[in-house]
Amino acid sequence: QVQLVESGGGLVQAGGSLRLSCAASGRTFASYAMGWFRQAPGKEREFVATINWRGEYTYYADSVKGRFTISRDNAKNTVYLQVNSLKPEDTAVYYCAAGTRASIYPTAYLHWGQGTQVTVSS
């Protein structure tokens, strides 16, 4: 029903910035809460940020609060993650996901993208 494709990842020096995008297919995008998660090699997938269907509620992991910003444009069927002041520990594959409610838990989301790689060098 919903297909998600992430883009915008890349290799950046510590302190740099990227804007990750997640483009959704279909015309039901506005009814979904959206989340961003990340996963480094050998580690569990961890919560990064979430946003509700209208966009007035957002929530962030403590590790990214103040540096990352999640937003959405329902007219463009797109959710964004602006990542600033990047640190080497931010290196991971970043995934967007769609679900019926905003949540910090991966199990709350039914639709996932393929991910985009973010690599931060020292």
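The notes below deal with the structure included here. On a predicted model such as this, the values are computed, not experimentally measured, just so you know. (Residues numbered from 1 in each chain as written. Predicted model: local features only at pLDDT ≥ 70, side-chain atom pairs only at ≥ 80, totals over all residues. Heavy atoms only, no water.)

Another point: the overall build of the chain. Along the backbone of the chain there are zero helices and eleven strands. Helices and strands appear in the chain in the N-to-C order β-β-β-β-β-β-β-β-β-β-β. Relative to the globule expectation of 14 Å for 122 residues, the C-alpha radius of gyration of the chain, 13 Å, shows essentially globular dimensions. Based on the C-alpha atoms only, the size of the chain along its principal axes is roughly 40 × 25 × 25 Å. (Helix = DSSP H or I, 4+ residues; strand = E, 2+ residues; numbered from the N terminus. Rg over C-alpha atoms; globule rule 2.2 N^0.38 Å.)

This part takes up the packing of aromatic side chains. Within this structure, the stated rule accounts for five aromatic pairs. Centroid distance Phe37 to Phe47: 5.7 Å. Interplanar angle 70°. Geometry classified as edge-to-face. Within this pair, whereas Phe37 is found in strand S4 (residues 33-39), its partner Phe47 is found in strand S5 (residues 46-51), the two being separated by ten residues in sequence. Judged by its relative accessible area of 12%, Phe47 is buried. Taken together, Phe37, Phe47, Tyr59, Tyr109 and Trp112 form an aromatic cluster joined through their ring pairs. One Lys or Arg, Arg45, reaches over the ring of Tyr95 and ends 3.8 Å from the middle of that ring. (Phe/Tyr/Trp six-rings, centres within 6.5 Å; stacked < 30°, edge-to-face > 60°. Buried < 20%, exposed > 50% of the residue type's maximum accessible area, 1.4 Å probe, protein only. Lys NZ or Arg CZ within 6 Å of the ring centre and 35° of its normal.)

Moving on to the pattern of salt bridges. Here the structure, examined in full by the defined rule, presents four salt bridges. A salt bridge links Asp90 to Arg38; the shortest N-O distance between them is 2.9 Å. Pair noted here: Asp90 is in the loop between strand S8 (78-83) and strand S9 (92-99) and Arg38 is in strand S4, with a separation of 52 residues, a long-range link. Considered together, Asp90 and Arg38 belong to a single accessibility category, that of buried residues. A single network of salt bridges, built from pairs that share partners, joins Arg38, Glu46, Arg67 and Asp90. (Salt bridge = Lys/Arg side-chain N within 4 Å of Asp/Glu carboxyl O.)

Strands sit in the order S1-S3-S8-S7 across an open sheet of four strands; the sheet is antiparallel. In the strand order of this sheet, the two ends are held by strand S1 (4-7) and strand S7 (68-73), each with one partner. The average angle at which neighbouring strand axes cross in this sheet is 15°, direction not considered. Two elements, S1 and strand S3 (residues 18-24), share four bridges in a ladder whose sense is antiparallel. Bridge assignment links Val5 to a residue of S3, and that residue is Ala23. (Pairing = 2+ DSSP bridges. Axes fitted to C-alpha atoms, helices over the stretch in contact; angles between N-to-C directions.)

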